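Overview (structure and organization)
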Amino acid sequence: MSDYVPPYPHRWTEELSPWKRVRLARRNVLAALEDGLFEVDHISRRILLKNLFLCNSPETVQEAFGTKYTSFERKSPTMRHMLEPLIGDGLFISEGETWRRRRRIVAPVIHVSRLSEFAPAMIDTTREMADRWGELPEGAPVDVLSQMAQLTAEIICRAIFGRQLGAERTREVVDGFSEFSRVVSSIDLPSLLGLPDWVPRFRHFAVARSVRRIHRVIDEIVAGYRDRPDPANTSVVGRLIDARDEETGETLSADALRNEAVVIFMAGHETTANTLSFVWFLLSQAPDVEARLHAELDAVLGDRPPALADVAKLVYTRAIVEETLRLYPPIPILAREATRDETIAGEMVPKGSMVMVIPWLLHRNRKLWEKPDHFWPERFLPENGPTPSKWAYVPFSIGPRVCAGMAFGLTESILSVAILAQQFRLRLATGHTVEPVCRVSLRPGETLPMTINRRRAAPSVAAMAAPAACPFGHA
């Protein structure tokens, strides 16, 4: 087992006052969590004038997001007010019949069955980045967070929208998402004070500016399709333009099309870029894990680049990505609002309460995971037995509102890591401290300065021969 324990925000040993919790959460939601929350099954609290119910066991997560889903399908006021300027009534925050109708239209066009169509863009785009890195001098400094954002933005545009984004528009959309994440409020104080949704929310002036930058790029992509349709209609945008609800026959309006395009771009770009950034950081701190990764890549791929068919063979590469998602879930807080009186674990959850599943807590729950704070990808290898219940590992959410692009994001991450790790090692810049920060998504700070180093010699395949000890007691 790797001895490396990745960083996380300070854990408070005392219970925080409501106002201190809110003050800390406005800067970084994860900084407002007490140490004791990592081992509770569930807990109810009142923060200001809002009831909050935390689900932190497989049983309570299954109740809230599974068996009693219809009582908790509405996203929290914070999430709705935070994202509404960017995605309108897009799939991520819509509800009821609007959500069901959009899901019927959007899910098929990014379904796992289409991975063979998307994989070439993932591979080609990442190889182009590897070529650019290869032209840099040994030890060249790069901001890996920015690099991964550019990579995933270009992949999502080619794979999903069928067009190359180009350097200028890539920078525009990457900077737009970065600015939005930096300035948007992660706490909806009016809702905590019991105010209704129609009360206007104050937003930083930069929110509107970042939204305009993102919308401008997406609008140009959609307009390009309307002006120059793809005869083969292989792009998601083309399919969304032509898609009809199988039950009503309705098509997406112009606003709905833009909203869903932004949702797909946000989900496929922002969260995957953050995950890849955390992967490179973790590998730089765990040389034993990095060596075993290189050994697998040499054994499975040799000097050739991976293909989609290789993903199933890259079991350790996948385990690294899965362990990164456990430690640093892209959306570390999943919050819903009770739409009627309900019960969870036998406790009353009144209508209007906030019901939260916090993967950041759940994935580090000491009752569920052995050495939960350690970076140990081997826990996800098949020979080490089953991990805890699927309701205890929810990096893409779970239940009816599970991320429709889960297979896309996981495959993209595995292929990107494989291609770049074949040729390079990345090392954290001397003196830089990583502190995970959560606003819209979980990021390793505002930048991630690292140096790029070429692999000088391929590790011996024998490095993979001796399996690490299993924390779950399996052989």
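Structural notes, computed from the coordinates.

What counts and what doesn't
- Residues numbered from 1 in each chain as written.
- Predicted model: local features only at pLDDT ≥ 70, side-chain atom pairs only at ≥ 80, totals over all residues.
- Heavy atoms only, no water.
- Helix = DSSP H or I, 4+ residues; strand = E, 2+ residues; numbered from the N terminus.
- Rg over C-alpha atoms; globule rule 2.2 N^0.38 Å.
- Buried < 20%, exposed > 50% of the residue type's maximum accessible area, 1.4 Å probe, protein only.
- Contact = heavy atoms within 4.5 Å.
- Pairing = 2+ DSSP bridges.
- Axes fitted to C-alpha atoms, helices over the stretch in contact; angles between N-to-C directions.
- Parallel < 35°, antiparallel > 145°, perpendicular 65-115°, else oblique.
- Nonpolar A, V, L, I, M, F, W, Y, C, P; charged D, E, K, R; others polar.

1. Remarks on the overall build of the chain
On a plain count of helices and strands, the chain comes out with 15 helices and 12 strands. What you see for the chain is a C-alpha radius of gyration of 22 Å, in line with the 23 Å of a compact globule of 475 residues. Each principal axis of the C-alpha atoms in the chain carries an extent, and together these give about 60 × 60 × 40 Å. Counting all 475 residues of the chain, 58% fall into the buried class. Put simply, 76% of the contacts in the chain that link residues at least 6 apart link residues at least 24 apart.

2. Concerning the pairing of strand 9 (residues 424–428)
Counting buried positions along strand 9 gives four out of five residues, so the element sits mostly inside the fold. As judged from the five bridges shared by strand 9 and strand 12 (residues 449–454), these two strands associate in the antiparallel manner. Along strand 12, the bridge assignment pairs Leu-428 with Met-450.

3. Regarding the sheet that holds strand 12
The strand order across the open sheet built from three strands is 4-12-9, with neighbouring strands paired in antiparallel fashion. Lying at the two open borders of the sheet, with one neighbouring strand each, are strand 4 (140–143) and strand 9. Direction aside, the axes of adjacent strands within the sheet are offset by 40 degrees on average. In this fold helix 15 (residues 406–423) packs onto strand 9 and strand 12, with an angle of close to 90 degrees to the strand it touches most, strand 9.

4. Comments concerning the sheet that holds strand 2 (residues 50–55)
Pairing is mixed across the open sheet formed by five strands, whose spatial order is 1-2-8-5-3. On the outer flanks of this sheet lie strand 1 (42–47) and strand 3 (74–75), each paired with one strand and no other. Here strand 5 (residues 334–337) runs beside strand 8 (residues 354–357); their pairing, made up of four bridges, is antiparallel. Opposite Leu-334, over in strand 8, you have Val-357 as the bridge partner.

5. So, unusual backbone geometry
Its identity is not glycine, yet Ala-345 carries a phi of approximately 55 degrees, on the positive side. Along the chain, Ala-345 falls in the loop between strand 6 (342–344) and strand 7 (347–349). Here Ala-345 falls in the partly exposed class, since its relative accessible area comes to 36%.

6. Overview of the packing of helix 7 (residues 167–183) against helix 11 (residues 254–285)
A pair of packed helices is characterised by two quantities: the angle between their axes and the separation of those axes. Relative orientation of the contacting elements helix 7 and helix 11 amounts to 85 degrees, with a least axis distance of 11 Å. One finds that helix 7 runs roughly perpendicular with respect to helix 11. Facing Val-173, Val-174, Phe-177 and Ser-181 of helix 7, the residues of helix 11 in contact are Phe-265, Met-266, His-269 and Glu-270. Class assignment for the residues of the contact of helix 7 with helix 11 results in five nonpolar, two polar and one charged.

7. Quick notes on the side chain of Gln-147
Mapping Gln-147 onto the fold places it in helix 6 (residues 144–161). Assessed through its relative accessible area of 18%, Gln-147 is described here as buried.

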